[in-house]
Amino acid sequence: MNTWAELQSDLRLSVRRLREAPWFACICIATLALGIGGNTAVFTLIDRVMLKPLPVLRPTELYRIGDTDACCVNTGLMGSFSLFSYDLFLHLRDAAPQFSQLAAFQANTRGVTIGRPGLDAPGETLTGVFVSGNYFQMLGLSPAAGRLAQPSDDRPGAAPVAVISHRAWTERFQRRSDLLGSSMLLNGVGATIIGVTPEGFYGETLRPDPADIWIPLSNEPLLQPAARLLEAKASHWLYLVGRLTPGTAIGPIEEQLTARLQQWIASTLDLSPDQRNRIPQQHIKLTSAAGGVSEMRDEVAPSLRLLQAVAAVVLLIACANLANLLLARGLARRTEIAVRVALGAPRKRLITQFMVESLLLAFAGGLVGLLVAFAGARAIIELTFRGASNVPIEPAPSVLVLGFALLVSALTGAIFGAAPAVIASRSDPIDAIRAAGRTTGDRGSWLRRSLVALQVALSLVLIGSAGLLGRSLNNLQRQDFGFTTDGRYVANLAPSLSTVPGEQLQPLYARIQERLLRIPGVANAAFSLYSPMSGDNWSSSITVDGHGTAERLSASWNRVSARYFDTIGTPLVRGRALDERDGPDSPLVTTVSETFARRFFGEADPIGRRIGFTSSNGSGLREIEIVGVVGDAKYQDGRGEAYATFFLPFLQESSIRRAQAPAPALDRSHYPGAIVIQTSSTVPNLEGEIRRALSDVDRRLIVRSFSTLEQQVAGNFNLERLIARLTVAFGGVALLLACLGLYGVTAYAVVRRTREIGIRMAVGASRGRVLATVLRSALMQVAIGVVIGVPGVFLAGRLLRSALFGISEHDPGVLGAALGILLVSAIVAALIPARRAATMDPVRALRME
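Okay, so let's go over this structure. None of the values given here were measured: they were computed from a predicted structure.

Considerations on the overall build of the protein chain
Alright, step 1. Summing up its helical and strand segments, the protein chain has 25 helices and 22 strands in all.
Alright, step 2. Looking at the protein chain residue by residue over its 849 residues, the buried ones come to 53%.
Alright, step 3. The long-range fraction of contacts in the protein chain, counting pairs at least 24 apart against all pairs at least 6 apart in sequence, stands at 82%.

This is how it looks when you write it as structure tokens:
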């Protein structure tokens, strides 16, 4: 018989044997499905986030100028430059002829209101980004409908145009053909929608809620008149990506760009002597952009690697269970195997048959595991990006993921089916036939017990890790942020107010506050440039009383309205809060945080002291008087200390800021990004009431998103929540598998020792003694696993140190709880077969074969 025929015969035999033992097959398949499915689910995310290239033409030719992710507008010297002003972009584009195309695009997305001219209804908000005219040409894209933006659309005086995503065209505009070529209002400015991007294109950056509308850079001053970033030579806000011919040397290009960068800095920026000394340290690095800008990849990569390691441990436990089940099955068939050996069957043939059976189980487990992986990947995406309306990641497995699942299944079946196959095939035919039903000659006992001890140790490590991460997440979410979340809501505004003239802002803001306070149940309402834990932070160089101009001082800052601190629940420590008296014509004032006061004034009283913004050359006027100190509050980093922050009234503007403004329009910080609401009771349909109130004041006031402040805070810990919950889930699966393994080995031992137990009971052994004997044997394996697992928990704690918050990596409470859970579960698992042994009828036991 040839090899292929033998393989077919072995396969048919394995299928028949598994059909004869359906419970055994189902348990093996379910065990492997959990292990392989968990690993495949995590690998699906790794494939989509870290390995999949951009859906563009020849992505391997794309290179980014820069090597770090930065957001959103930076000024001054940055060392390694990754953000660039528009003027610097033009300067570098001419210095790098090796790029066949070099395109620029906004580093962060922004809300863009879109509506039809003449309609009374308020527009809706799309996520938008400004791009250079050659952006789509550089990526090599073709439109799904209409045409894409071209360099001619990105020239001074060109008519405003925009391109929308296939998703927005389908979901928001129902694929209306009349949308293309029609005039729409973008932030109140007339523009023509000229085309739709190809399906599946999400931009150059994989991130939650990617761009849905792309607008040429030349239109930025029209749509953002309060910012006019295009005209600000010192404001860096653009990423640059270009296309290089394969094989082009990167080093010479970096040198050319660095030299051009340093030349531009020296000739363009107004620098202090100290800053000029640092010009030689400014440089540019090129990085591959085949996967786009690595913003999200860098953020989630450590978490995905950790989850893959945890899933691998669960797979190892599942494989140990498979090996135990196969070993027990092989030893149970030792009489059959002995007869076949006695009749001349070669051991190699027997091993092959066992391996075929284990591989068949592994591939069946892998197939079911793909279903688990699909559901698991979808759940992981929802947990990771909770709150996002659009995540451009498909949970469906790719060809690479299918190959991964196939490889894992094959390795699982081959590696963990080999040892049971070899042991079962080595049974002595004479001993196996004579000793059927007796306790002698169990060659696999040590291996089965070792596998159980390994499962216990790995389970303890996962349970301990889950405890550490769970306590850490609880500490993160329940810490004192410096504000109150109960009864607080946040309405994030679209940037449509940026077209409102400066002289109309003061009465407009007064009407907004007055109208919101008329909503029944609303106790307080205030607005700010950005709200707590929204992911935003503005900072600037400052000058401070008592500190020389040579000192390089900086601090975070925010603009807030009257009632703001009362609304968010941040306490006033001394002095006064900002209120209605702080208008555009009153003296410039600020309220600072406790950290700000402590850092710049030590133990001295900061009330009455002055600060000011620093100009680009390092000078500055200290013209803003500190009138109050408020408690520290965290606005961006939930793990670190609260930033030193000062708060400015919305309508006051320092002379330095006025002098540095690129246009006579007010600085964009005077336009609120969020409204915070405090309620004293439950308000039915609060979101609808707020939208209606704002629309009554001005139809340009559009709510981009609405949530409780608690939800906004919780969104900062999506990754931590994902890791904690999945580790708990994987730990639970590991504990279940370990208990099943312990139960299986103990039950098998009881069956093997039936005659022995019957004899012991016949000569006077009590049921309690039999129970204790079986439990002692089972718990010895648990004890060995604990001895191995406790150092593993300590090692896991050290590896998780950077992910923990407010808890020691060797927390005794967590270790004690993990040991308690494991021991109770193990005792329950071992007690079932132990009680069966203790209640055995000695007469029936002695009569058994």
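From this point, the narrative continues.
As for the packing of helix α23 (residues 767–799) against helix α24 (residues 812–838)
Think of two packed helices as two axes; the pair is described by the angle between the axes and how far apart they sit.
Alright, step 1. Following both chains from N to C, one finds α23 and α24 inclined at 155°, their axes separated by 9 Å at the closest point. In terms of axis orientation, α23 runs roughly antiparallel to α24. When you trace α23 past α24, the crossing you get is right-handed. Contact residues: α23 offers R767, V770, L771, V774, L775, A778, L779, V782, V786, V790, V793 and F794, while α24 offers L815, L819, L822, L823, A826, I827, A830, L831, A834, R835, A837 and A838.
Alright, step 2. In terms of residue class, the contact of α23 with α24 is built from 22 nonpolar, no polar and 2 charged.

Digging into the pairing of strand β20 (residues 645–649)
Alright, step 1. Here β20 lies mainly inside the structure; 5 of its 5 residues are buried.
Alright, step 2. Of the two faces of β20, both are covered, the one formed by T645, F647 and P649 as well as the one formed by F646 and L648.
Alright, step 3. Pairing geometry for strand β15 (residues 553–560) and β20, over 5 bridges, is parallel. Counterpart to N558 in the pairing with β20 is F647.
Alright, step 4. Across 2 bridges, strand β17 (residues 589–593) lies against β20 in antiparallel orientation.

A word on the packing of helix α2 (residues 22–51) against helix α11 (residues 347–384)
Alright, step 1. At a closest axis distance of 5 Å, the pairing of α2 and α11 adopts a crossing angle of 45°. Taken together, the axes of α2 and α11 lie oblique to each other. The element α2 and its partner α11 pack so that their crossing is right-handed.
Alright, step 2. Of the residues belonging to the contact of α2 with α11, the class tally is 20 nonpolar, 7 polar and 1 charged.

Calculation notes
Residues numbered from 1 in each chain as written. Predicted model: local features only at pLDDT ≥ 70, side-chain atom pairs only at ≥ 80, totals over all residues. Heavy atoms only, no water. Helix = DSSP H or I, 4+ residues; strand = E, 2+ residues; numbered from the N terminus. Buried < 20%, exposed > 50% of the residue type's maximum accessible area, 1.4 Å probe, protein only. Contact = heavy atoms within 4.5 Å. Axes fitted to C-alpha atoms, helices over the stretch in contact; angles between N-to-C directions. Parallel < 35°, antiparallel > 145°, perpendicular 65-115°, else oblique. Left-handed = near helix turned anticlockwise from the far one by under 90°. Nonpolar A, V, L, I, M, F, W, Y, C, P; charged D, E, K, R; others polar. Pairing = 2+ DSSP bridges.

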